[in-house]
Every structure is written in C-alpha cells, then in structure tokens.
Amino acid sequence: MLKSAEQVFIEYLKENKLPLTPQRRCIAEIFLQTEGHFSAERLCELVRLILPNLGQATIYRTLKLLVDSGLAEAIDPGDGVVLYEHGYGHEHHDHLVCRKCGRKVEVQDPVIEKRQEALASMHGFNLIRHRMYLYGECRDCRETE
C-alpha cells in the first residue's frame with residue numbers, strides 16, 4: 001500500500017534528523033494541494049496567504065526538502081524559471097514545451113516508455129526514473145505568425 005505523501009515527508013525529515021516545524025508542515029500541505037506546474041515564487045505567494053511573515057528562504061529550503069524526499073519534481077523547461085510538480089503518487093508523464101509561449105503539455109505514451117526501458121537495458125542500465133522534454137512551438141503560436 002502506498003504511503004501518504006505527508007507520511008513520506010515526515011519519515012524523510014526523521015531519517016535526516018530534521019524537525020517537522022509548523023512552517024514546514026504548512027508549506028508541504030500547500031505544495032501537496034497545488035496541482036500542475038508552478039514556480040517557487042508562486043508557492044511563496046500561496047504560503048504567504050496563510051503565513052504572511054514567513055521568509056522566502058524558509059519556503060525555498062522546504063521546497064528543496066520536498067524535492068529531496070521525492071514528493072516534488074523540479075522541471076527546467078529552459079526558460080530560466082524552474083517549475084515544480086508533484087513527484088509522488090502521480091502517474092509518470094513526459095512534457096511538450098512551447099519555446100514561444102511556455103505552454104507545457106503532459107503526455108503519456110506506452111510505446112515511448114517501452115523504448116526508453118529497452119534503450120537503458122541495451123546499455124546495461126537499470127532504469128529507475130527519467131524525464132523527457134520535447135521542445136517546439138504549439139499550434140496557437142504557429143497560427144499567430
């Protein structure tokens with residue numbers, strides 16, 4: 001049975017001898033309630049609706065703990081802004097990224113997944129995880145040219 005995301009975070013903190021402070025709990029709860037791709041700055045905005053005086057550094061450090069614990073995935077779409085999304089308890093997916101408007105589309109393709117596993121195996125790798133980004137221009141951006 002899959003552990004809850006909250007339990008994964010609590011166990012990660014215990015294993016690393018870090019306390020579960022009220023601030024960390026609040027940041028983790030807000031992160032886990034926020035779906036899609038979002039920046040650290042957006043997470044700061046959401047957290048400050050609840051804890052207006054919380055320092056940005058605390059939010060960034062907790063976000064790193066969420067990534068290190070496997071609850072968050074950092075995505076670098078190549079535009080200078082790292083985005084985050086849930087990394088635990090969600091289906092694996094890859095991304096299409098529009099280089100003009102920044103639109104991100106989550107895609108799943110079992111044929112590609114099997115091919116990636118086969119490639120890893122051919123080279124002696126035991127595939128643990130991966131990310132794939134395909135960059136291009138979305139239909140809307142092409143049609144406005």
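Residues numbered from 1 in each chain as written. Predicted model: local features only at pLDDT ≥ 70, side-chain atom pairs only at ≥ 80, totals over all residues. Heavy atoms only, no water.

Draft legend 1. Local environment of the environment of Ser4. Position of Ser4 relative to the elements: it lies in the segment before α1 (5-15). Among the polar contacts listed, one links the side chain of Ser4 to the backbone nitrogen of Gln7, at a separation of 3.0 Å. (Helix = DSSP H or I, 4+ residues; strand = E, 2+ residues; numbered from the N terminus. Polar contact = N/O pair within 3.5 Å; in protein donor to acceptor, adjacent residues only side chain to side chain.)

Draft legend 2. Geometry of the pattern of salt bridges. Per the counting criterion, the structure on display carries 4 salt bridges. For Lys3, the salt bridge goes to Glu11, with nearest N and O atoms at 2.6 Å. On the accessibility criterion, Lys3 (43% relative accessible area) is partly exposed. In this structure, the salt-bridge partner of Glu137 is Lys100, at a minimum N-O distance of 3.9 Å. Of this pair, Glu137 sits in the loop between β6 (133-136) and α6 (139-143) while Lys100 is found in the loop between β4 (94-98) and β5 (104-107), placing the two residues 37 residues apart along the sequence. Taking relative accessible area as the criterion, Lys100 reaches 47% and is therefore assigned partly exposed. (Salt bridge = Lys/Arg side-chain N within 4 Å of Asp/Glu carboxyl O. Buried < 20%, exposed > 50% of the residue type's maximum accessible area, 1.4 Å probe, protein only.)

Draft legend 3. Here's a closer look at the sheet that holds β5. On the basis of which strands lie adjacent, the open sheet formed by 3 strands has the order β5-β4-β6 and mixed pairing. The sheet terminates laterally at β5 and β6, the two strands that pair on one side only. Neighbour-to-neighbour, the strand axes of this sheet turn through a mean angle of 20°, independent of strand direction. Looking at chain direction, β4 and β5 are connected through 4 bridges and run antiparallel. Bridge pairing in β5 places His95 opposite Glu106. (Pairing = 2+ DSSP bridges. Axes fitted to C-alpha atoms, helices over the stretch in contact; angles between N-to-C directions.)

Draft legend 4. Local environment of the nonpolar core. Formed by 25 residues in total, the largest nonpolar core has its most connected members in Phe9, Phe31, Leu43, Val47, Ile59, Leu63 and Leu66. Of all the elements in the fold, those that place two or more residues in this core are α1, α2 (22-33), α3 (40-50) and α4 (56-68). (Core = buried A, V, L, I, M, F, W, Y, C linked by side-chain atoms within 4.5 Å.)

Draft legend 5. Spatial organisation of helix α5 (residues 110-122). With 13 residues, α5 extends 18 Å between its outermost C-alpha atoms, agreeing within 8% with the 18 Å of an ideal straight helix rising 1.5 Å per residue. Where α5 is concerned, the buried positions are Glu113, Gln116 and Ala120. Looking down the long axis of α5, one finds its buried residues gathered within 60° of arc, a one-sided arrangement. Residues of α5 that are exposed and angled more than 90 degrees away from the buried face: Pro110, Val111, Lys114, Ser121 and Met122. Contact partners of the buried residues in α5: β4. Capping the start of α5 is the job of one residue whose side-chain oxygen sits 2.8 Å from the backbone nitrogen of Val111: Asp109. The first or second residue beyond α5 is Gly124, which carries a positive phi of 80°. (Expected span 1.5 Å × (residues − 1). Arc of directions from axis to C-beta. Contact = heavy atoms within 4.5 Å.)

Fair warning: the whole summary comes from geometry, so function is off the table for now.
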